[in-house]
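Reading the structure
These are the residues of each chain, in order.
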Amino acid sequence: MPRRAWAVTICLVAAACGSLQPVISPADRLAVIETTGCGLAAGRSGTGIALDGNTIVTVAHLIVQSDAIEARVGGQAYSAIPVGLDLERDLAVLRFDGPDMTRVAMGDAGAGSEGAIATSAGRVPFIVDEPVSISIEEVLGTERHHRIGYRVEADTGVGDSGSGAYDADGELIGVVFAVSGPTTWLTSSFELEQFLAAVPEDAPELECDPEISRRPSS
């Protein structure tokens, strides 16, 4: 083969190899979160999802009264800073200087869809009962709000709020926010994307107000 043809072949192979993106498993995106409370609030433990190497999403009721947050991702501990809070959707976004990883792909699901929830105890299979409109009190409040989510059958438990639910293709379909017996409730990825779009890239750190922390969380 002429030398020029070899050069073209090498460039094509290199370009193809350079376009490959590493596959990040749901387990590798799991963030185990420990908080220190401010005011009269106690510290809490829970989970979150590393959407990429800079952003973690979790439930608002886990971090709303926190003074400091530690997130463990891939066995490494990081300091995490809250920059977005939605008490109606019960969602929070944290910034952290984490490992290099691609942005998670998000999807949706219908009744009968199967997948798994990545929890600190391991992989928990689920099956979607149905997509639902969820009415629930806002965090730290009494007003009720509606959001889109899923009712799924899954063997989750205390401490799994904030864990990610992934479909068979590894796409994130929702975030666990409540567990009731064999039923697990998810906030949909649609609500998550709406929330994230409202948080600016340069959002300042949210600080805990000790006076507010004296109110019991819902």
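Okay, so let's go over this structure. (Residues numbered from 1 in each chain as written. Predicted model: local features only at pLDDT ≥ 70, side-chain atom pairs only at ≥ 80, totals over all residues. Heavy atoms only, no water.)

Judged from the 5 bridges that link them, strand E1 (residues 30–37) and strand E2 (residues 45–50) form a sheet pairing that is antiparallel. Bridged to glutamate 34 within E2 is serine 45. Here E1 pairs with strand E4 (residues 66–73) via 7 bridges, running antiparallel. What sits directly across from isoleucine 33, in E4, is alanine 71. (Pairing = 2+ DSSP bridges. Helix = DSSP H or I, 4+ residues; strand = E, 2+ residues; numbered from the N terminus.)

We now examine the packing of aromatic side chains. Throughout the structure, instances matching the rule amount to 1 aromatic pair. When the ring of tyrosine 78 is compared with that of phenylalanine 96, the centres are 5.4 Å apart and the planes differ by 80 degrees; the resulting orientation is edge-to-face. Of the two residues, tyrosine 78 is situated in strand E5 (residues 76–86) and phenylalanine 96 in the loop between strand E6 (91–95) and strand E7 (114–119); the sequence distance between them amounts to 18 residues. It is arginine 147 that lies over the ring of phenylalanine 177; its NZ or CZ is 4.2 Å from the centre. (Phe/Tyr/Trp six-rings, centres within 6.5 Å; stacked < 30°, edge-to-face > 60°. Lys NZ or Arg CZ within 6 Å of the ring centre and 35° of its normal.)

For the rest of this paragraph, the subject is the pattern of salt bridges. Throughout the structure, instances matching the rule amount to 5 salt bridges. Note that aspartate 52 is salt-bridged to arginine 103, the shortest N-O span being 2.6 Å. Residue aspartate 52 is located in the loop between E2 and strand E3 (55–58), and its partner arginine 103 is located in the loop between E6 and E7; the two are separated by 51 residues in the primary sequence. Take aspartate 52: its relative accessible area is 13%, and that puts it in the buried class. In this structure, the salt-bridge partner of glutamate 130 is arginine 151, at a minimum N-O distance of 2.9 Å. Here arginine 151 lies in strand E9 (residues 144–154) and glutamate 130 lies in strand E8 (residues 122–137), a separation of 21 residues in the sequence. The exposure class assigned to glutamate 130 is partly exposed, which follows from its relative accessible area of 32%. If you follow the salt bridges from partner to partner, you end up with Asp86, Arg89 and Glu191 in one network. (Salt bridge = Lys/Arg side-chain N within 4 Å of Asp/Glu carboxyl O. Buried < 20%, exposed > 50% of the residue type's maximum accessible area, 1.4 Å probe, protein only.)

What follows covers the environment of isoleucine 117. For isoleucine 117, the position within the fold is in strand E7. Along the chain, isoleucine 117 and aspartate 167 lie 50 residues apart, while their C-alpha atoms are 8.8 Å from each other.

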